[in-house]
Amino acid sequence: MGMSSLKLLKYVLFFFNLLFWICGCCLLGFGIYLLIHNNFGVLFHNLPSLTLGNVFIIVGSIIMVVAFLGCMGSIKENKCLLMSFFILLLIILLAEVILAILLFVYEQKLNEYVAQGLTDSIDRYHSDNSTKAAWDSIQSFLQCCGINGTRDWTSGPPASCPSDPKVEGCYAKAKLWFHSNFLYIGIITICVCVIEVLGMSFALTLNCQIDKTSQSLGL
């Protein structure tokens, strides 16, 4: 690989990470917006930090940090930053694989935990504004009512429920949506993993090439 190929690889890795850094900034900004306006509220009171805004902030921050290391490491040809970028991508990839395995193994327990959390949140609907906002947002968006239907609301369904008495429950409708879009979710997940592997490969190749270039120049 000559100097021209090294420059090409360097700029490909730089622009690749610059694009992801911009995406990370957008996710972070959107997360902060959701956190300030708190339109979606808190659904699971056992996990008060598990809100849509916090998820966007955490994911956006991670993408920004990793992409920044990739940008600076490639454009400066800094081996330390490139290896940090490689290691972080490897950790994220391993974490995604472990998470997928845990979700598969403990799917039944997770379903029970989610169902119990939703039941508890329904009991808090009239006493907690944050829970009320969360349920109203979900029911309006998914056009569903309660967990399994209108019968979950002992004092009568709220205004955010559709008027149809045979309307589906939100839990069943969310699972149905997930299963019907499983192929697309799988394709997106595979694409993310492929991008991470490519980023790791580019970083490692560039790091090795910097060593070879330094040796050929006698540095």
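Naming follows an unreviewed UniProt entry, where the protein appears as Tetraspanin of Saimiri boliviensis boliviensis. The heading Subunit (unreviewed entry) in the UniProt record of the protein holds the text "Interacts with SCIMP. Interacts with CD45/PTPRC. Interacts with IL7R. Interacts with RBL2 and PPP2CA." The heading Sequence similarities (unreviewed entry) in the UniProt record of the protein holds the text "Belongs to the tetraspanin (TM4SF) family."

## What about the side chain of S74?
The topology assignment puts S74 in helix α2 (residues 52–75). A polar atom in the side chain of S74 sits 2.8 Å from the backbone oxygen of G70. Within the structure, the side chain of S74 is placed 2.9 Å from the backbone oxygen of C71, a separation counted as a polar contact. For S74, the residues in contact, after removing those within four places along its chain, are K10, L13, F14, L82 and L206.

## Observations concerning the UniProt feature "transmembrane region" (unreviewed entry) in the protein
In the numbering adopted here, UniProt assigns the feature "transmembrane region" (unreviewed entry) to residues 12–36, 48–69, 81–106 and 182–206. Structurally, residues 12–36 is divided into 100% helix and 0% strand, and its ends, taken at the C-alpha atoms, are 36 Å apart. Across residues 182–206 one finds 100% helix and 0% strand; the C-alpha atoms that close the span lie 36 Å apart.

About the cut-offs
- Residues numbered from 1 in each chain as written.
- Predicted model: local features only at pLDDT ≥ 70, side-chain atom pairs only at ≥ 80, totals over all residues.
- Heavy atoms only, no water.
- UniProt positions renumbered as here; feature names shortened; annotations may be inferred.
- Helix = DSSP H or I, 4+ residues; strand = E, 2+ residues; numbered from the N terminus.
- Polar contact = N/O pair within 3.5 Å; in protein donor to acceptor, adjacent residues only side chain to side chain.
- Contact = heavy atoms within 4.5 Å.

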